[in-house]
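Structural overview
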Amino acid sequence: MAAKKRFVIGGVDTHRDTHHAAVIDSTGGLLGDAEFPATTAGYADLLAWMRSFGRVTAVGVEGTGSYGAGLARYLTSKKIAVVEVDRPDRRARRAQGKSDPIDAIAAARATLAGTAMGTPKTRTGPVEAIRALRVARRGAVKARTAALNQMRGLVAAAPEPLRAHLTRVSAAVLVSRCAALTYDPARLHEPEHATAAALVGLARRVTTLTEEITTLDRQVTPIVQKAAPHTTALFGVGPDVAAQLLTTAGDNPDRLHSEAALAHLCGAAPIPASSGRVRRHRLHRGGDRGANHALHTIALCRMRYDQRTRAYLQRRTSEGLSKQEILRCLKRYIVRDVYTALVADFTALTT
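This text gives an overview of the structure that appears in the document. Predicted model only: the values in this text are computed from it and were never measured.

**Looking at the side chain of Thr-195**
Along the chain, Thr-195 turns up in helix α8 (residues 191-227). Among residues more than four places away in sequence, those in contact with Thr-195 are Leu-154, Ala-158, Pro-159 and Leu-162.

This is the structure in structure tokens:
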């Protein structure tokens, strides 16, 4: 068969500076592998090299959300079907070894076999903008929490005058009192003055991070409200929860081909756990944990303020279900509302 008429599958193991590619035929036989720079010119050379073996039907790419994002965008722009490939499991790596060519070949064969079927996010619309801002916000929140914990730790072991003044107060009061502390720079060799200096610095850090978080919230909220009016209108869904759900879905929600797919992605889908004569299901514990946390937030809000949910809670409690079991059921029902709203929002964006 002539090379131009042959159908081939590609696989790529991605890294920061280079990508290693492999090409296989329709039977899984290796045709070649090579390394290319992770640049626009490198992407073009990689695709041209793959096409030299035949007609490229699909390319499996590892890390489409990180090092492989640029390559995935480039291939998609050239009308090449891109499949998101997970890294090989540890058992396979123990048996086959680990190297860039091995991983690239494994990505291609997983694409051919159909074990890799994920559609990568396009990362070209407002959801990618929301994700970028949320990355900065999440880092700021984590740093502020760490600073507050450090302040609590210092106060717990501080000399008695400081400890008595700063213990058993809220975080806001603690920060304001610490910011107002005074110390003598010439006496930092004394624990009381050194502790006061440390607390003043931590209070300043918390204040700066709080201002950064407020700014990021002010920036992301209008983008979320414009991109997802139906989702933000759901009971219990605020801008931060909506932003998380949008980030989970991506700019191309067609990759989530059903409500059940979204539930599975959010870790809210029951999966079979039967054996012998026992027939049961258990909760899927994989998926996007941030999205699962968003569903948990919605469920708690509805359990407290939504009358229909409160009635459901009472009915299921009388049937003998625990609160945890009811929460699992509620999350699955909430996914139905979220999926319908997300589809409506993205339909409006694309029309």
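Read on, since the account is not over.
**What to know about the side chain of Thr-111**
Note on placement: Thr-111 falls in helix α4 (residues 100-113). Each residue touching Thr-111, except ones within four places of it in the same chain, is listed here: Ile-9, Ala-58, Val-59, Gly-60, Val-83, Val-85 and Ala-116.

**Observations concerning the packing of aromatic side chains**
In the structure shown here, the tally under the stated rule is four aromatic pairs. Centre to centre, the rings of Tyr-312 and Tyr-333 are 5.8 Å apart; their planes meet at 90°, and the pair counts as edge-to-face. Here Tyr-312 is found in helix α13 (residues 307-318), whereas its partner Tyr-333 is found in helix α14 (residues 323-350), with 21 residues between them in sequence. Assessed through its relative accessible area of 43%, Tyr-333 is described here as partly exposed. Members of the aromatic cluster, joined through ring pairs, are Phe-36, Trp-49 and Phe-53.

**With respect to the environment of Thr-215**
The topology assignment puts Thr-215 in helix α8. We classify Thr-215 as partly exposed; its relative accessible area is 31%. For the pair Thr-215 and Arg-137, spaced 78 residues apart in sequence, the C-alpha separation works out to 9.2 Å.

**Description of the sheet that holds strand β2 (residues 18-25)**
Read from one edge of the open sheet, five strands run β3-β2-β1-β4-β5, paired in mixed fashion. Each end of this open sheet is capped by a strand with a single partner; those strands are β3 (30-37) and β5 (82-85). Taking each pair of neighbouring strands and ignoring which way they run, the sheet shows an average axis angle of 25°. As judged from the seven bridges shared by β2 and β3, these two strands associate in the antiparallel manner. Residue pairing across strands places Ile-24 opposite Leu-30, the latter belonging to β3. Packing of α4 onto the sheet brings it into contact with β1 (7-14), β2, β3, β4 (55-62) and β5, and relative to β1 it is tilted by some 135°.

**A word on the environment of Ala-116**
Locating Ala-116 in the fold gives a position in the loop between α4 and α5 (126-156). Each C-alpha atom, one on Ala-116 and one on Gly-60, is 7.7 Å from the other, the two residues being 56 residues apart in sequence.

**With respect to helix α7 (residues 171-179)**
Of all the residues in α7, the buried ones are Leu-174, Val-175 and Cys-178. Looking straight down α7, one finds its buried side chains confined to an arc of 95°; they lie on one side. Looking at the buried residues of α7, the elements they touch are α5, α6 (160-166) and α8.

**Focus on the pairing of β1**
Among the eight residues in β1, seven count as buried, and that is most of the element. Looking at chain direction, β1 and β4 are connected through six bridges and run parallel. When the sheet's bridge partners are listed, Val-8 is paired in β4 with Val-56. Looking at chain direction, β1 and β2 are connected through seven bridges and run antiparallel. By the bridge assignment for β2, Thr-14 is matched with His-19. Turn length for the β1-β2 hairpin, with the two strands adjacent in sequence and antiparallel, is three residues.

What counts, and where the lines are drawn
- Residues numbered from 1 in each chain as written.
- Predicted model: local features only at pLDDT ≥ 70, side-chain atom pairs only at ≥ 80, totals over all residues.
- Heavy atoms only, no water.
- Helix = DSSP H or I, 4+ residues; strand = E, 2+ residues; numbered from the N terminus.
- Contact = heavy atoms within 4.5 Å.
- Phe/Tyr/Trp six-rings, centres within 6.5 Å; stacked < 30°, edge-to-face > 60°.
- Buried < 20%, exposed > 50% of the residue type's maximum accessible area, 1.4 Å probe, protein only.
- Pairing = 2+ DSSP bridges.
- Axes fitted to C-alpha atoms, helices over the stretch in contact; angles between N-to-C directions.
- Arc of directions from axis to C-beta.

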